[in-house]
Amino acid sequence: MSHRPYPRFHRASPLLAGLALALAATQACAGAADAYPGKPIRLVVPFTPGGLTDKLARSVAHDLQEAWQQPVIVENKPGAGGTIGADLVAKAPADGYTILLGTHATHAINVTLLANLPYDAVRDFEPVSLLATVPNVLMVHPSVPAHSVQELIQLAKRKPGSLNFVSQGIGTSGHMSGDLFKSLAGIDMVHIPARGPAQAVSDVMGGHADILFDSVAIGMPIVRSGKLRALAVTSRERSPAAPELPTMIEAGVPGYEIVLWFSVFAPKGTPADIVLKLNHEIARAMGKPSTRAAFVQEGLTVSASSPEQLGQFQQAEITKWARLIKASGATSNN
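Computed from a prediction, not measured in an experiment: that's the story for all the values here.

Description of the side chain of Ser-215
Move 1: In this structure, Ser-215 sits in strand S7 (residues 211–215).
Move 2: The residues contacting Ser-215, other than those within four sequence positions of it, are Leu-52, Pro-135, Asn-136, Val-137 and Leu-260.

Right under this line is the structure:
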């Protein structure tokens, strides 16, 4: 009695087996995206409540929750210049249920500034979408006899080293903004690092410092109260929150551009379909006229992007901030 041969599929080639596995993985990924979100999402903010990062996160969380009928919980995990919260997300499961509100600090500045960064800002994350940008504003104490950027430059050149600028700390955007101004304008100013944003504002308002670079959102209310004088914004284009102010380029400092930015990132390996689903809904939320209008009042320019655009933008920002930080000699081991 003859035996029936084994069916051919028992001897399938490695190539066919690999294709079958790939197809199964693709179908599983699509199924995961179709079911997403099926439970609450954590949106981690690596800074304290109340700031721009936190306000953006809560706006995004509200719109995602409304669209998907799933809780989107904002969790503030501040500390170490944003690294604690960013590291938490870098090491979270790559399933779309833990995402990060990242910034220029967590995903560009800290790459060069911090010697012991516990995560890789590029390799450990999937870019989802840029949310918004905001420039710094150059402000002086009313006692400083300069009413324009050029007058400030001339004053600094007449008295080298006599002017000082206070920043929010070593390596912050305020520090880098001042150092870039020194470099491009060819002037000498003394840097005074404060212990955080509040002290920096207090120092210049109290007349203990001459100059401060801070975000338009923080600076313009102080300027409009008459306690400081604004000379220019640091973006390439004028800020909708202060359209009367020239840019640093318009004010005669060619090549000057610094903006702060806010974005959403997911852990590396998050399925592409889930990343795109998040991206689509975030773009819809940030495109609402009411959202745009609200954040213009905060000094922000809403700038949603594709994941690819955010990845390219981040790489360019890492390069730019690295150049500025290395030129300044700023270092931190935190």
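Observations regarding the packing of helix H6 (residues 173–185) against helix H11 (residues 307–328)
Packed helix pairs are specified by the crossing angle of their axes together with the interaxial distance, meaning the distance between the axes.
Move 1: Interaxial distance between H6 and H11 falls to 10 Å at its minimum, and their mutual angle equals 75°. Between H6 and H11, the angle is such that the two are roughly perpendicular. The segment H6 lies against H11, with Ser-173, His-175, Met-176, Asp-179 and Leu-180 engaging Trp-321, Leu-324, Ile-325 and Ser-328.
Move 2: Across the contact of H6 with H11, the residue classes tally to five nonpolar, three polar and one charged.

A short note on the side chain of Arg-229
Move 1: Structurally, Arg-229 can be placed in strand S8 (residues 229–233).
Move 2: One buried charged side chain, Arg-229, makes no salt bridge at all; its nearest oppositely charged neighbour is Glu-151, positioned 6.9 Å away.
Move 3: A distance of 3.0 Å separates a polar atom in the side chain of Arg-229 from the backbone oxygen of Pro-142.
Move 4: Separated by 2.7 Å, the side chain of Arg-229 and the backbone oxygen of Ala-146 make a polar contact.
Move 5: Leaving out residues up to four positions away in the same chain, Arg-229 has contacts with Leu-138, Met-139, Val-140, His-141, Pro-142, Val-144, Ala-146, His-147 and Val-223.

Structural notes on helix H4 (residues 104–113)
Residues spaced three or four apart along an α-helix point in a common direction, a consequence of the helix completing one turn every 3.6 residues.
Move 1: Most of H4 sits inside the fold, with eight of its 10 residues counted as buried.
Move 2: The complete set of buried residues in H4 reads His-104, Ala-105, Thr-106, His-107, Ala-108, Ile-109, Asn-110 and Leu-113.
Move 3: For H4, the elements touching its buried residues are helix H3 (83–90), strand S3 (98–103), strand S4 (125–140), H6, strand S9 (259–267) and H11.

Quick notes on the rules
- Residues numbered from 1 in each chain as written.
- Predicted model: local features only at pLDDT ≥ 70, side-chain atom pairs only at ≥ 80, totals over all residues.
- Heavy atoms only, no water.
- Helix = DSSP H or I, 4+ residues; strand = E, 2+ residues; numbered from the N terminus.
- Contact = heavy atoms within 4.5 Å.
- Axes fitted to C-alpha atoms, helices over the stretch in contact; angles between N-to-C directions.
- Parallel < 35°, antiparallel > 145°, perpendicular 65-115°, else oblique.
- Nonpolar A, V, L, I, M, F, W, Y, C, P; charged D, E, K, R; others polar.
- Buried < 20%, exposed > 50% of the residue type's maximum accessible area, 1.4 Å probe, protein only.
- Lys, Arg positive; Asp, Glu negative; His and termini not counted.
- Salt bridge = Lys/Arg side-chain N within 4 Å of Asp/Glu carboxyl O.
- Polar contact = N/O pair within 3.5 Å; in protein donor to acceptor, adjacent residues only side chain to side chain.

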